[in-house]
Amino acid sequence: MNADVTIVGAGILGLSLAYHLSNQGCSVVLLEREANTGLHASGKNAGMFRQLYRSPQLSSWARRSPALWPESIRDLCFQRTGSYVLGRKSPTHDRELFADRQVRTPSGATLDAVFCESDGLIDSARFIEKLTSEIHRRKVDFRLSTSVRSVEWESGVWRIQCEAEAIESPRVVLGNGAWVSSLPLRNGKENLNLR
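Please read all numbers here as calculations on a predicted model, not as lab measurements. (Residues numbered from 1 in each chain as written. Predicted model: local features only at pLDDT ≥ 70, side-chain atom pairs only at ≥ 80, totals over all residues. Heavy atoms only, no water.)

**Description of the nonpolar core**
Within the largest apolar cluster, 21 residues are counted, with the highest numbers of intra-cluster contacts made by Leu-15, Leu-30 and Ile-135. For this core, the elements supplying multiple residues, two or more each, are β1 (5-8), α1 (12-23), β2 (28-31), α4 (71-77), α5 (124-136) and β9 (140-143). In this structure, Leu-30 is in contact with Ile-7, Gly-9, Ala-10, Gly-14, Leu-15, Ala-18, Val-140, Asp-141, Phe-142 and Arg-143, ignoring residues within four places of it in sequence. Core analysis: the next-biggest nonpolar cluster, separate from the first, contains 13 residues, Ala-3, Val-8, Ile-160 and Leu-183 among them. (Core = buried A, V, L, I, M, F, W, Y, C linked by side-chain atoms within 4.5 Å. Buried < 20%, exposed > 50% of the residue type's maximum accessible area, 1.4 Å probe, protein only. Helix = DSSP H or I, 4+ residues; strand = E, 2+ residues; numbered from the N terminus. Contact = heavy atoms within 4.5 Å.)

**Some words on unusual backbone geometry**
Positive phi outside glycine occurs at Ser-145, with the angle close to 55 degrees. Structurally, Ser-145 can be placed in the loop between β9 and β10 (148-154). In this model, Ser-155 sits at a positive phi of 55 degrees, which is unusual for a non-glycine residue. Note that Ser-155 resides in the loop between β10 and β11 (157-162).

Scope: geometric values only; no functional claims are made or implied.
Below you can see the structure in the form of structure tokens.
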């Protein structure tokens, strides 16, 4: 089997990328070793959405990302609450997002804090469920309960060997989080900057 992009891992990263690539007309194979999507960190996190990062690039990506979520999912799964990050001052970038504040602790101490009105909370489990449904409606080839046996770079193409078949793809995204180092890579480790 061939695909424009093969994504290993169907957590929030893999699902989001599959959604956007399929919108761009790419053929996508999404591989997940579990029987369902988002069963680990993606579906069990606190769901805090914040934009305060020391890196201007990370703040920029976070600021733009809600507009890229499917509207029906955003309206159903995201709530703007604002947030305070204690012990920080506003960065020099994206000044319009942040306001420096003082927060008094129960013991009476005063702490510096950064307030961001457009931060909020995401219902992570529901977000994963709805995004999975959106992707199923697109031309994404989902492979649940599929483990990757090896990933090999050969003649300009990645060959991903699963239990029952091999997939060839010019691009592979390793979106399997903490398990990325468990993938058996051959002849391409240096291309992924894995050590």
